[in-house]
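Tertiary structure, described
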Amino acid sequence: YNVGLSIYGQFRYEYFIQREKRRFLLTLDEVNQSKMAASVCDLGCFIPYLPIALSLTGHKVKIVDKYSMYSQSFKDNIRRISDDYDIEVHDLDILYDDIGQLESVDVVLLMAVLEHLNGSPKRLMESIRSIMRPDALLFSEIPNIAEFSKRIRMLFGHSPLPKYKDYFYSKYPY
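Treat the numbers as computed from the prediction; the structure is a model and nothing was measured. (Residues numbered from 1 in each chain as written. Predicted model: local features only at pLDDT ≥ 70, side-chain atom pairs only at ≥ 80, totals over all residues. Heavy atoms only, no water.)

1. What about the overall build of the protein chain?
Secondary structure assignment for the protein chain yields six helices and five strands. Its helices and strands taken in sequence order, the protein chain reads α-β-α-β-α-β-β-α-β-α-α from the N to the C terminus. Relative to its full complement of 174 residues, the protein chain shows a buried share of 40%. With an accessible surface of roughly 10600 Å², the protein chain has 56% of that area assigned to carbon and sulfur atoms. (Helix = DSSP H or I, 4+ residues; strand = E, 2+ residues; numbered from the N terminus. Buried < 20%, exposed > 50% of the residue type's maximum accessible area, 1.4 Å probe, protein only. Areas by Shrake-Rupley, 256 points an atom, 1.4 Å probe, with all protein chains shown as cover.)

See the structure below:
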């Protein structure tokens, strides 16, 4: 169980999509404006909201995450949703499994993933390069730990980071 999911509360998926909506729309717009973006691979995808939108706008999409660390019902839902939108699902650990086995793509998404690494992203970036076609695009995003709401929390003595207890007792990756 990944305790990090608990921050979203009872309505965690609705809360998640509302918090992530702005970055999803910006990325969707950028990918759709790219003339060459026919195929997209979302690494560390989690819930495929952005991949669904990309599929609906005509892109061939694959998602990659270590889905084996989630519950069976979660994995079944990811599979069902992905099948409904013609999205390929790959249950791989992007750090330790060979992602080079995937077919090359025009766009790689690495959205809110790098901050979860416990070391250098060099090996991951080299692996990513192996699935990128010549002139492919890489969209990478790292959440801003100093965003306004977190600065306000700090003024009241709260850390901008998740509770360490949640981090400590969660399965890897957090």
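2. Digging into the pairing of strand S2 (residues 60-65)
A regular strand carries its side chains on alternate faces of the sheet. Counting buried positions over the six residues of S2 gives five, a clear majority of the element. Taken together, the five bridges between strand S1 (residues 39-43) and S2 define a ladder with parallel strand orientation. Of the residues in S2, the one forming a bridge with Val40 is Val61. Viewed along the sheet, the connection from S1 through helix H2 (residues 49-56) into S2 turns out right-handed. With respect to chirality, the unit in which S2 leads through helix H3 (residues 72-84) into the neighbouring parallel strand S3 (residues 87-91) is right-handed. (Pairing = 2+ DSSP bridges. Right-handed = clockwise from strand over helix to strand, strands pointing away.)

3. Quick look at the state of the cysteines
Scanning the model with the defined rule gives zero disulfides in all. Residue Cys41 stays outside any disulfide, its sulfur separated by 9.2 Å from that of Cys45, the closest cysteine. Residue classification places Cys41 among the buried positions, given a relative accessible area of 1%. (Disulfide = S-S within 2.5 Å.)

4. Describing the side chain of Ser82
Topologically, Ser82 is positioned in helix H3. Within the structure, Ser82 has its side chain in polar contact with the backbone oxygen of Ile78 (distance 2.8 Å). Leaving out residues up to four positions away in the same chain, Ser82 has contacts with Pro48, Ile63, Ile87 and Val89. (Polar contact = N/O pair within 3.5 Å; in protein donor to acceptor, adjacent residues only side chain to side chain. Contact = heavy atoms within 4.5 Å.)

5. Thoughts on the sheet that holds strand S5 (residues 132-141)
Strand order in the open sheet formed by five strands is S3-S2-S1-S4-S5, and the pairing between neighbours is parallel. The open sheet has two edge strands with one neighbour each: S3 and S5. Adjacent strand axes in the sheet meet at a mean angle of 20°, parallel and antiparallel pairs treated alike. Against the sheet, H3 touches S2 and S3, its axis set at about 150° to S3. Its contacts with the sheet put helix H4 (residues 122-129) on S1, strand S4 (105-111) and S5, and the angle it makes with S5 is roughly 140°. (Axes fitted to C-alpha atoms, helices over the stretch in contact; angles between N-to-C directions.)

6. Structural notes on the packing of aromatic side chains
If you walk through the whole model with that rule in mind, you get six aromatic pairs. Between Phe46 and Tyr70, the ring centres sit 5.7 Å apart and the planes meet at 45°, which makes this aromatic pair tilted. Taken together, the residues span a long stretch of sequence, with Phe46 in the loop between S1 and H2 and Tyr70 in the loop between S2 and H3 at a distance of 24 residues. For the pair formed by Phe46 and Tyr70, the shared burial category is buried. Arranged with centres 5.6 Å apart and planes meeting at 25°, the rings of Phe46 and Phe74 form a pair that is stacked. Residue Phe46 is located in the loop between S1 and H2, and its partner Phe74 is located in helix H3; the two are separated by 28 residues in the primary sequence. As far as burial versus exposure is concerned, Phe46 and Phe74 are alike and both buried. (Phe/Tyr/Trp six-rings, centres within 6.5 Å; stacked < 30°, edge-to-face > 60°.)

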